[in-house]
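Take a look at the letters that make up each chain.
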Amino acid sequence: MGSEDIYIAGIDMIKFGKFPDISIATLGAEAAHLALDDAGITINDVQALYSGNLMMASAMVGQQIQKEIGQTGIPVVNCANACATGATALREGWTAIKAGLYDIVLAVGVEKLAGAGMLGGGGGNKTGISPEGLLGSGAMPCVFAEAGMAHSKEYGTSFEQFAQIAVKNHHHSTMNPKARYQIETPLEEVMNAEMISYPNTKLMCSANVDGAAAAVLMSEKKVKELGLMGQAVKIRASVLTTDPWTDRDEVMPDINTCTRNAAAQAYEMAGVGPNDLDLVELHDCFATAEVLHYENLGLCADGEAGKLIDEKSTWLGGRIPVNLSGGLLSKGHPIGATGIANVYEVSTHLRGGAGKRQAEGARIGLAHVIGLGTCCGIHILEGPSN
Amino acid sequence: MGLAQSPKDDLESGGIGQRPKVIAQTNHSPHVTRCRRDDERIRTKSRLGHAKTATDPCPIGVHTLSDNSRPITSLVQIPDSGDPFLQGLKCKSCGAISLKSRAACGKCGGRDTNEPLRLANKGKLHAFSIVYRAFPGITVPFVSAVADLEGGGTIKTNLIGVDPDPEKIQLGMDIDVVFQVVDRKDSEGNEYLGYFIQPAA
């Protein structure tokens, strides 16, 4: 592996929302142009394109985007990796530069998910009957509720503590103009919202939205050549893991072990520890999940996630602010875009441009996603030194 | 904004979508069990020794087990005589217990190392969720649950025999595995034998 550092020289996202009349290619192209503009380059400078999209994985979305922004004949790789799709596309680009193949690549993540409905659990046996609702539920709100309840069993985590995650993330989103929603949701409103799958109420579930995000990755040599060191965010670690064998994994997708493994690898690669982080964007697909990842990422000791919530340590201004973007709960979760959008959020703070939600003096941040099935992507980023 | 008007009412959220509203509609309070058959006695053949014989708060739907009942998944074994049981696999190399056949052991990668293993009918509740919003045609609420079985193996199924109320479901409690014919047939009209868990007798 090359020793040269790789940087995010330009990154951006569109405001997440519902865009029934705009094609997926147009959404992706919009994000791509924003990122190219941020880096001050054009599509003619890009040597390879890595596209992340899940729901239309067979539709050559990367090439569709390319036809919008310029058919330069460069390699295009289409990535699908559940909710880690965007992070995977970004990492594939990182890998290619690391291998010495290219100096400039573009990673785009895009998804049209508005109105998609409840995901997971809709399938069933190839023959016979669907077991959904008989052998429990494979729907995502339930799967992540059960993961949360396993934490409750161990540590007594309460419905109210889970609900506080949604209060926090919705609060943070009121300061993020690119979030799908910017609405305060007090605790009683979260707890009294429609119960979807106990303990996850509607306001504790991520928002299915349309969205796109893109990043320009460059070798250190190219960043210096183009004079972009003042804005470039260094990728200190890029890690992808899957779920290793665990005893319950067949019936209860293990989002914990793959995150713990990825975190350990990422901290080692970056040469930092959780105490060095100034902010974290983690995969709050459901409020219950965020609680688990506090411990999985080492933001607190095992069993202390509830305390972290009670002490508001993960709010803006707290010891380790988490999901300042509003997270998937309120910013929204356009699957293929999510893993680049959270890198955008961390990068924006590291560049000091996050406005009212700015993590003060942020220098190092972590972005985390989980894709059920299962995989985990983690990026640790360091801001420009000036 | 009042509680009745969720800020996300226009949403799609949650992995949640527009369509499920239909099935979530009910005149009952969310904590009241809805069950089409709650006035029925559970009828089973004697070979279903583990099935309940009392009125169940939420029988998933119970019919007489006919000779052509099929296992709901490959986990269910229906012997010619005796009670149905769950059969998983155990790797004779590393000891990992799995629920379905694989090309090799998921833990150690060993080939041809998996041997059938009869799973216990007793265990402990590891996790649950009470599902209120489901896909069309699925009766809610129901309790989705994960249980660790004695001697190994973890299963996921509906927890029955309890009110779908978090106050009444104890994490870690002892459970029994029971077998019931489910209230859902395939397109050819075949019936299926399912497995469920309930608080230990």
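Peer 1: Would you take a moment to explain the interface of chain B and chain A for this structure?
Peer 2: How big an interface is tends to be reported as the loss of accessible area on association of its parts. Counting from both sides, the interface comprises 62 residues of chain B and, opposite them, 57 residues of chain A. Here chain B and chain A share an interface that buries about 5,000 Å² over both sides, 60% of which is from carbon and sulfur atoms. Counting across the interface, chain B meets chain A through 4 salt bridges. Our count for the chain B to chain A interface comes out at 20 residue pairs in polar contact (both at pLDDT 80 or more). At the level of secondary structure, the elements contributing two or more residues to the side of chain B that touches chain A comprise helix H1 (21-24), strand S4 (97-98), strand S6 (122-131), strand S7 (142-149), strand S8 (154-159) and strand S10 (192-199) of chain B. Here 2 bridges tie strand S5 (residues 195-198) of chain A to S6(B), and the two strands are oriented antiparallel to one another. Within the sheet, the bridge partner assigned to A:Ser197 lies in S6(B) and is B:Val131.

Peer 1: Whenever I open this one, the packing of aromatic side chains confuses me. Can you help?
Peer 2: Each aromatic ring pair is characterised by the separation of its centres together with the angle its planes make. Evaluation of the coordinates by the stated rule reveals 3 aromatic pairs over all chains. On the basis of an interplanar angle of 25° and a centroid distance of 5.4 Å, the ring pair of A:Phe144 and A:Phe286 is categorised as stacked. Of this pair, A:Phe144 sits in helix H4 (residues 140-155) while A:Phe286 sits in the loop between strand S9 (279-281) and helix H9 (287-296); the two residues are 142 residues apart in sequence, bridging distant segments of the chain. Accessibility assignment for this pair places A:Phe144 and A:Phe286 in one class, buried. Aromatic side chains A:Tyr198 and B:Phe128 sit 6.4 Å apart centroid to centroid with 5° between the ring planes, which places their arrangement in the stacked category. Of the two residues, A:Tyr198 is situated in strand S5 and B:Phe128 in strand S6; the pairing between them involves two chains. Three or more aromatic residues joined by ring pairs make a cluster, and in this case those are A:Phe159, A:Tyr198 and B:Phe128. Geometry around A:Trp315 places A:Lys312 over its ring, the cationic atom sitting 4.0 Å from the centre. Taking NZ or CZ as reference, B:Arg118 lies 4.0 Å from the ring centre of B:Phe85, over its face.

Peer 1: Where do I start with the pattern of salt bridges in this structure?
Peer 2: Opposite charge on two side chains permits pairing when their charged atoms draw close. Tallied over the full model, the rule gives 19 salt bridges over all chains. Between A:Asp103 and A:Lys221 there is a salt bridge; the shortest N-O distance is 3.7 Å. Of the two residues, A:Asp103 sits in the loop between helix H3 (85-98) and strand S4 (104-112) while A:Lys221 sits in helix H7 (residues 220-225), which places them 118 residues apart along the sequence. With relative accessibility at 49%, the residue A:Lys221 sits in the partly exposed group. B:Asp176 is the partner of B:Lys122 in a salt bridge, and the nearest nitrogen-oxygen pair spans 2.9 Å. Of this pair, B:Lys122 sits in strand S6 while B:Asp176 is found in strand S9 (residues 174-181), placing the two residues 54 residues apart along the sequence. You can call B:Asp176 buried: its relative accessible area is 10%. In the salt-bridge network here, residues are joined through shared partners; they are A:Arg236, A:Arg363 and A:Glu382.

Peer 1: In this structure, what is going on with helix H12 (residues 335-350) of chain A? I would like to understand it.
Peer 2: Working note: α-helix, 3.6 residues per turn, so residues spaced by three or four point in the same direction. Given a rise of 1.5 Å per residue, 16 residues ought to cover 22 Å, and the 24 Å separating the end C-alpha atoms of H12(A) matches this to within 8%. Within H12(A), 16 of the 16 residues are buried, which leaves the element mostly enclosed by the surrounding structure.

Procedures and definitions
Residues numbered from 1 in each chain as written. Chains lettered and ligands numbered in written order. Predicted model: local features only at pLDDT ≥ 70, side-chain atom pairs only at ≥ 80, totals over all residues. Heavy atoms only, no water. Contact = heavy atoms within 4.5 Å. Buried area = accessible area lost by both parts, 1.4 Å probe. Salt bridge = Lys/Arg side-chain N within 4 Å of Asp/Glu carboxyl O. Polar contact = N/O pair within 3.5 Å; in protein donor to acceptor, adjacent residues only side chain to side chain. Helix = DSSP H or I, 4+ residues; strand = E, 2+ residues; numbered from the N terminus. Pairing = 2+ DSSP bridges. Phe/Tyr/Trp six-rings, centres within 6.5 Å; stacked < 30°, edge-to-face > 60°. Buried < 20%, exposed > 50% of the residue type's maximum accessible area, 1.4 Å probe, protein only. Lys NZ or Arg CZ within 6 Å of the ring centre and 35° of its normal. Expected span 1.5 Å × (residues − 1).

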